[in-house]
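Below are the chains, spelled out letter by letter.
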Amino acid sequence: MLKLEYIRSNAEVVKKAMRDRGMKVNIDELLKSDEERRKLLSEVETLKHQRNTQSDDIGKLIKEGKDAEKLKDEMRDVSEQIKGLDKQVKEIEDKVNPVLLTIPNIPHSSVPVGKDAKDNKVIRQWGTIPKFNFSPKDHLQLAKDLDIIDFERALKIVGSNFPLYKGMGALLERALINFMLDVHTKEHKYTEISPPFLANRATMTGTGQLPKLEEDMYHIEKEDYFLIPTAEVPLTNLHAGETFPEEDLPIYYTGYTPCFRREAGSYGKDTKGLIRVHQFDKVEMVKFVKPENSFDELESMLKNAEDILQKLKLPYRIILLCTGDMGFSASKCYDIELWASGLERYLEVSSCSNCTNFQAQRISAKYKPKGGGKPIYLHTLNGSGVALARTVIAILENYQQEDGSILIPEVLRPYMNGKTKIEKT
RNA sequence: GGAGAGGUGGCUGAGUGGCUGAAAGCGCACGCUUGGAAAGCGUGUGACUCGCAAGGGUUCCAGGGUUCGAAUCCCUGCCUCUCCGCCA
């Protein structure tokens, strides 16, 4: 969340940011309301000051045994006025605050200005796209032939677009999760968290999923809980309302969770197979860092995600998202896309974002500087490291053999009972 | 689900109508001391917000209410703990 005070003194920056993001927010109107609010505030505060001091006087008069009725009458009046003004202030705040919650983060200066995905920049590529001397199948066909994913029966259990992994498919899923967690905890120094998969309204608002994305989430009405769409939600909110000593930073967390997304409005898009499913597994990375090095921390987080894909020997490319395509909370964001040989296209498997102090201000997460001084909002970052379903697509499609079997990436073999191949049984 | 207790600053914890933005301790910062550190001693130390400033205001889980005045009294909600019940 941007602070009103920040918007007030950086109106042009905010306006440009909104334009660059292709968003319509009436900043001037917002500021007008704010001005009115502050005017009322100074009025009501004067009255409150009067009430505070005169109430003290009343106390003293009574103590001395003197009559205070006249003053009391006066103060009754003042209190009524205060009540009225307070109500007006609250009315303005009730109008302004919901708008504030819908204003996205300011893009960093290194982010290309652009309208949509077409204006994103490919930063680099890694690995070589595999060549086949036969015509490669897509993961749907491969999974069906090998009997490792069963969409039909998942359909029976819930509804469309839920995966059900079976046999070696389930083991591959489990192996990938364990492999990624091991790399991040042992090699990249992240602390593993296994969080709740549900979160309440305040938590969802803290990371910025609410109020805008309510329609995209599964909601449990009875308790007003939501199924998390990403582990970013529990991992970042972990430190909501906390102030750290400076020497505790940086804090790195990683965690595996399933992710639940309704994908409202995307009906008819990527409907087959694992590309766009309502539930997928993901290993997430989250960092709490000091403002001065958060952009370096973003680069290293991106490297951590890349490391997973390099170890799996999966060809990928790095995309720097443009202003129009970036998520709500991000100030800068890289996507990682894997090449899938059967689909013959790139698939997004990670998104690494520096949210600067945007989420920290929403959840109030700060640190206290070493030499003393006011607490400072810290910066939060999150990145997938990486999302599973699409990684499974890439493994199946890129590692497929002519006989329909799948070669298991070397680094996964210890997690899969030493097997080297997924074969038809 | 039933009965009871409780939610106070970075933390522990006192406070039951004005003298309490909040004792005390811990922690933290600064200074003295020291070859250096520890200990000790002294001083300081919540957050948010309005204001150019002086100085205000708000804030003791949240929302209402009583009162001239609420951390303190009343109502509602949320959460935590203890006991009982149920149960993986």
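Residues numbered from 1 in each chain as written. Chains lettered and ligands numbered in written order. Predicted model: local features only at pLDDT ≥ 70, side-chain atom pairs only at ≥ 80, totals over all residues.

Okay, the overall build of chain A next. When its secondary structure is counted, chain A shows 12 helices and 16 strands. With the C-alpha coordinates of chain A rotated into their principal frame, the extents come out at 100 × 45 × 45 Å. Residue pairs at least 24 apart in sequence account for 73% of intrachain contacts in chain A once pairs closer than 6 positions are excluded. (Helix = DSSP H or I, 4+ residues; strand = E, 2+ residues; numbered from the N terminus. Contact = placed C-beta atoms within 7 Å.)

Here we take up the nonpolar core. With 88 residues, the main nonpolar core has Leu-338, Val-386 and Ile-393 as its most contacted residues. Sorting elements by how many residues they give to this core places helix 12 (residues 388-398) first, with 7 residues. Excluding anything up to four places from it in sequence, Leu-338 contacts Leu-309, Leu-314, Tyr-316, Tyr-346, Leu-347, Val-349, Arg-390, Thr-391 and Ala-394. (Core = buried A, V, L, I, M, F, W, Y, C linked by C-beta atoms within 7 Å. Buried ≥ 20, exposed ≤ 12 C-beta atoms within 10 Å, placed from the backbone.)

The next point concerns the sheet that holds strand 1 (residues 121-126). In spatial order, the strands read 1-9-10-11-14-8-7-2; together these 8 strands make up an open sheet with mixed pairing. Each end of this open sheet is capped by a strand with a single partner; those strands are strand 1 and strand 2 (191-192). Judged from the 7 bridges that link them, strand 8 (residues 279-289) and strand 14 (residues 379-387) form a sheet pairing that is antiparallel. When the bridges of strand 14 are listed, Met-285 appears paired with Gly-383. (Pairing = 2+ DSSP bridges.)

Strand 14 sits mainly inside the fold: 9 of its 9 residues count as buried. Bridge count for strand 11 (residues 345-354) against strand 14 is 3 bridges, and the pairing is antiparallel. Residue Asn-354 lies in a different strand from strand 14, and its bridge partner there is Leu-381.

Of all residues adjacent to RNA strand B, which total 25 residues, the nearest are Lys-48, Ser-55, Ile-58, Gly-59 and Met-75. Looking at the surface near RNA strand B, the elements that each hand over two or more residues are helix 3 (27-63) and helix 4 (69-100). If you tally residues by element for the surface near RNA strand B, the top one is helix 3, at 13 residues. Here the residues of the surface near RNA strand B sort into 5 nonpolar, 9 polar and 11 charged. (Near = placed C-beta within 6 Å. Nonpolar A, V, L, I, M, F, W, Y, C, P; charged D, E, K, R; others polar.)

Turning next to the packing of helix 3 against helix 4. It is the contact of helix 3 with helix 4, at a shortest axis distance of 9 Å, that shows an interaxial angle of 155°. In terms of orientation, helix 3 lies roughly antiparallel with respect to helix 4. The element helix 3 and its partner helix 4 pack so that their crossing is left-handed. Within the contact of helix 3 with helix 4, the residues separate by chemical class into 16 nonpolar, 7 polar and 11 charged. (Axes fitted to C-alpha atoms, helices over the stretch in contact; angles between N-to-C directions. Parallel < 35°, antiparallel > 145°, perpendicular 65-115°, else oblique. Left-handed = near helix turned anticlockwise from the far one by under 90°.)

The topology assignment puts Lys-332 in strand 10 (residues 332-340). Remark: the alpha-carbon pair of Lys-332 and Thr-356, spanning 24 residues in sequence, is separated by 8.7 Å. Sequence-distant contacts of Lys-332, that is, excluding residues within four places in its chain, are made with His-108, Ser-110, Val-111, Phe-295, Leu-298, Ser-353 and Asn-354.

For the rest of this paragraph, the subject is the domain arrangement of chain A. Segmentation of chain A into domains returns domain 1 (4-100) and domain 2 (117-422). Just the C-alpha atoms count here: the centres of domain 1 and domain 2 sit 44 Å apart. (Domains from an automatic or database assignment.)

So, about the sheet that holds strand 4 (residues 219-220). An order of 3-5-4 is seen for the 3 strands of this open sheet, with the pairing classed as antiparallel. The strands lining the two open edges of the sheet, one partner per strand, are strand 3 (198-200) and strand 4. In this sheet, strand 5 (residues 225-227) lies alongside strand 3 in antiparallel orientation, the contact comprising 3 bridges. Residue pairing across strands places Leu-198 opposite Leu-227, the latter belonging to strand 5.

Our focus in this paragraph is the packing of helix 5 (residues 139-146) against helix 12. Running from N to C, helix 5 and helix 12 cross one another at 80°; their axes reach a closest spacing of 9 Å. With respect to each other, helix 5 and helix 12 are oriented roughly perpendicular. Contacts from His-139, Leu-142 and Ala-143 in helix 5 reach Ile-393, Leu-396 and Glu-397 in helix 12. A class-by-class count of the residues in the contact of helix 5 with helix 12 yields 4 nonpolar, 1 polar and 1 charged.

This next bit is on the environment of Ile-62. You can see Ile-62 is positioned in helix 3. Taking the C-alpha atoms as reference, Ile-62 lies 11 Å from Lys-72; in sequence the two are 10 residues apart.

The terminal C-alpha atoms of helix 3 lie 53 Å apart, and with 37 residues this matches the ideal 54 Å at 1.5 Å per residue to within 8%. Gly-65, located one to two residues past helix 3, shows a positive phi value of around 80°. (Expected span 1.5 Å × (residues − 1).)

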